[in-house]
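Each chain is listed here by its residues.
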Amino acid sequence: MLDFFTIFSKGGIVLWCFQGAGVTESFTGPVNALIRSVILQERSGNNSYTHEALSLKYKLDNEFELVFVVGFQKILTLTYVDKLINDVQLHFRDRYKNELDKKVSLKLLNSNFEFENDFTMLLREAEDSNKARGPVSMRSFTESQKSQKTVKSMIETKGGDRSKEQGSKKNKNAKKEAEPEKVDPGKNASASQKPVENGNQGLTPEEVIQKKREEFFRKRMGGNVEKPRSGKSPKPQKPKEKQRRVWDMGGSSPKALDYSDPNSPDIPIESARDEMQLNSMKGDLLSVDYESSEEEEGVEEEEEEEEEQPERMKVADTKRVPKKGVGFGGMFGMLKGLVGAKSLSREDMEPVLDKMRDHLIAKNVAAEISIQLCDSVAKKLEGKVMGTFTTVASTVKQALQESLVQILQPKRRVDILRDVLEARSQRRPFIVTFCGVNGVGKSTNLAKISFWLIENGFTVLIAACDTFRAGAVEQLRTHQRRLNSLHPPEQHGGRPVVQLYEKGYGKDAAGIAMEAIAYARNQAFDVVLVDTAGRMQDNAPLMTALAKLIAVNMPDLVLFVGEALVGNEAVDQLVKFNQALADHSMSDKPRLIDGIVLTKFDTIDDKVGAAISMTYITGQPIVFVGTGQTYNDLRSLNARAVVSALMKA
């Protein structure tokens, strides 16, 4: 039934493997895919993985740095696989503990792990235990409680329940009434002296005199104090008005910004670069940076230590030993705890993981992704021996940081400048398609990327395929005019570096993109940037149109534009966009999203969780990060800077 079972170290040394009878195909392909897509990408929260026709289940042994993998056909339902993989792990660890403790690659290679007989025995036991349980037979109708019920019995049951409820309420009230009788007589006497708080009943004569005296003094002394209440209340102070913001490029008066008058002069295009104060963007983009001071890190460490102190004290209280056996045991036990001889368990990590999960959700990471990340970290650390003088919180935090950095670092590097040069050598344009939901900034960031490409000496053709939104073509035309003013045609042999290909509104977007690509090929443009209409992921007709545009024109790069403000919605957007592209594709290997453009990154402070959610869902890199409104506000992602912002308290 099993295709294969293999045990290998995290260093890549295969210690033992089993291949099922009649299986001729090598299992290296599925195992390598599991390592690349799951283990190296820190996605081990779920212990199963599907590769083509095979279903793989795996288990990590962090103490000895081992991986146990079993593979079988995914059409089969083998319920004993989980038990088998757990039994094999325990048996293999116990039998070869001395060899595995060495953790030296050469000694592992020279060691002979004869495990065939033990594995056969464990496999037979797992299969027999599954057969022993057998399928549960369905009850017949006569055996069920429903067959005993009638309409009359149901009505009587309802009334009976009500009477029972009423009876139970009466019993409760009776108990409450009976309770005061059990109270001590001394307490009862003291309580009966003051049955009424606002009257004089039950008060002693001395208390009544004291109460009246207090009321008399309150009226005489507090008359002046209470006077303002009856008169006019003092006028509240006016709150400080918001200071008027003065923009650097706004001019001295608002009238200078009013261009509605037909007699007013147009914007001077010649001085556009001076007005916008744009810097050169030649070469690779600058990375997003996040400055975290050492003082903040020190404060965070102190807070962690303060949080851990009560936990340590609780553990110490629960694990106290009798005074008789204190001696050297307590001293050596304390030293053993300090030098880190304890292996981590799920129970030890659970409080820290709960805090980390809440922290990630607060930083805008999708809730589902936060749970999967914490489960992955728990599986990565479970059974691992803690380092010297380290705490559980610091160990979990460090593992989570490493996992987040690994997720944000792409499996492949998207180097657009290199790819454009390669396409130019093949005498064809490099095609980039932008897609996303409404209002995320597709057209604005398309213009930024155009400016970056122009700065690096490439010519750009913008295809206006948003034929739905009013003003979309005019917006791109404005960007084209501004970009050509920043790079005048006179500096490029009389040829404009940016051109707009548009056919108006209400036309087929896929046809316009095809015509624009053919025009770019004839006119020797280096890059074609295809702007598409914004669409919600639930709009089936528009998603079908987008899938058609991508399937017909086969762009070199499909970029999903998403805003950094989004939280749980990021998961739904990316999953449904990818699903729509896969469902409506005409090839066996459909084109999905190749990269992400993260916009409005300057508006979120340290709530950078959307970057984690989007990268985790797609497994694709964040190619560009939008950090403002000018053409210069385009950056590349710095994984460590984003993670430091994410982990900031």
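Look up: the structure comes first, before these words.
This text gives an overview of the structure that appears in the document. (Residues numbered from 1 in each chain as written. Predicted model: local features only at pLDDT ≥ 70, side-chain atom pairs only at ≥ 80, totals over all residues. Heavy atoms only, no water.)

Two numbers describe how helix 20 (residues 540-553) lies on helix 21 (residues 569-583): the axes approach to 8 Å, and their chain directions differ by 60 degrees. Between helix 20 and helix 21, the crossing angle belongs to the class labelled oblique. For the pair helix 20 and helix 21, the sense of crossing is right-handed. Taken together, the residues of helix 21 that come into contact with helix 20 (itself represented by Met543, Leu546, Ala547 and Ile550) are Lys576, Phe577, Ala580 and Leu581. Looking at the contact of helix 20 with helix 21 residue by residue, the classes come out as seven nonpolar, no polar and one charged. (Axes fitted to C-alpha atoms, helices over the stretch in contact; angles between N-to-C directions. Helix = DSSP H or I, 4+ residues; strand = E, 2+ residues; numbered from the N terminus. Parallel < 35°, antiparallel > 145°, perpendicular 65-115°, else oblique. Left-handed = near helix turned anticlockwise from the far one by under 90°. Contact = heavy atoms within 4.5 Å. Nonpolar A, V, L, I, M, F, W, Y, C, P; charged D, E, K, R; others polar.)

In this section: the packing of aromatic side chains. A complete count under the given rule lists 17 aromatic pairs for this structure. Among the aromatic residues, those joined into a cluster by ring pairs are Phe5, Trp16, Phe18, Phe68, Phe92, Tyr96, Phe113, Phe115 and Phe119. (Phe/Tyr/Trp six-rings, centres within 6.5 Å; stacked < 30°, edge-to-face > 60°.)

Moving on: the pattern of salt bridges. Considering all chains together, one arrives at 21 salt bridges under this definition. Of the charged contacts in the structure, one is a salt bridge between Lys576 and Asp538, with a shortest N-O distance of 2.7 Å. Taken as a pair, Lys576 in helix 21 and Asp538 in the loop between strand 9 (527-532) and helix 20 lie far apart in primary sequence, 38 residues in all. Linking Lys576 and Asp572 is a salt bridge whose minimum nitrogen-to-oxygen distance equals 3.5 Å. With a gap of four residues between them, Lys576 and Asp572 both fall in helix 21, about one helical turn apart. (Salt bridge = Lys/Arg side-chain N within 4 Å of Asp/Glu carboxyl O.)

A few words on helix 14 (residues 367-381). For helix 14, with 15 residues, the first-to-last C-alpha span of 21 Å sits near the 21 Å given by 1.5 Å per residue. Every buried residue of helix 14 is listed here: Ile369, Ser370, Leu373, Cys374, Ser376, Val377, Ala378, Lys380 and Leu381. Buried-residue contacts for helix 14 involve helix 13 (346-362), helix 15 (392-408), helix 21 and helix 22 (609-618). Immediately beyond the C-terminal end of helix 14, within one or two residues, lies Gly383, with a positive phi of roughly 85 degrees. (Expected span 1.5 Å × (residues − 1). Buried < 20%, exposed > 50% of the residue type's maximum accessible area, 1.4 Å probe, protein only.)

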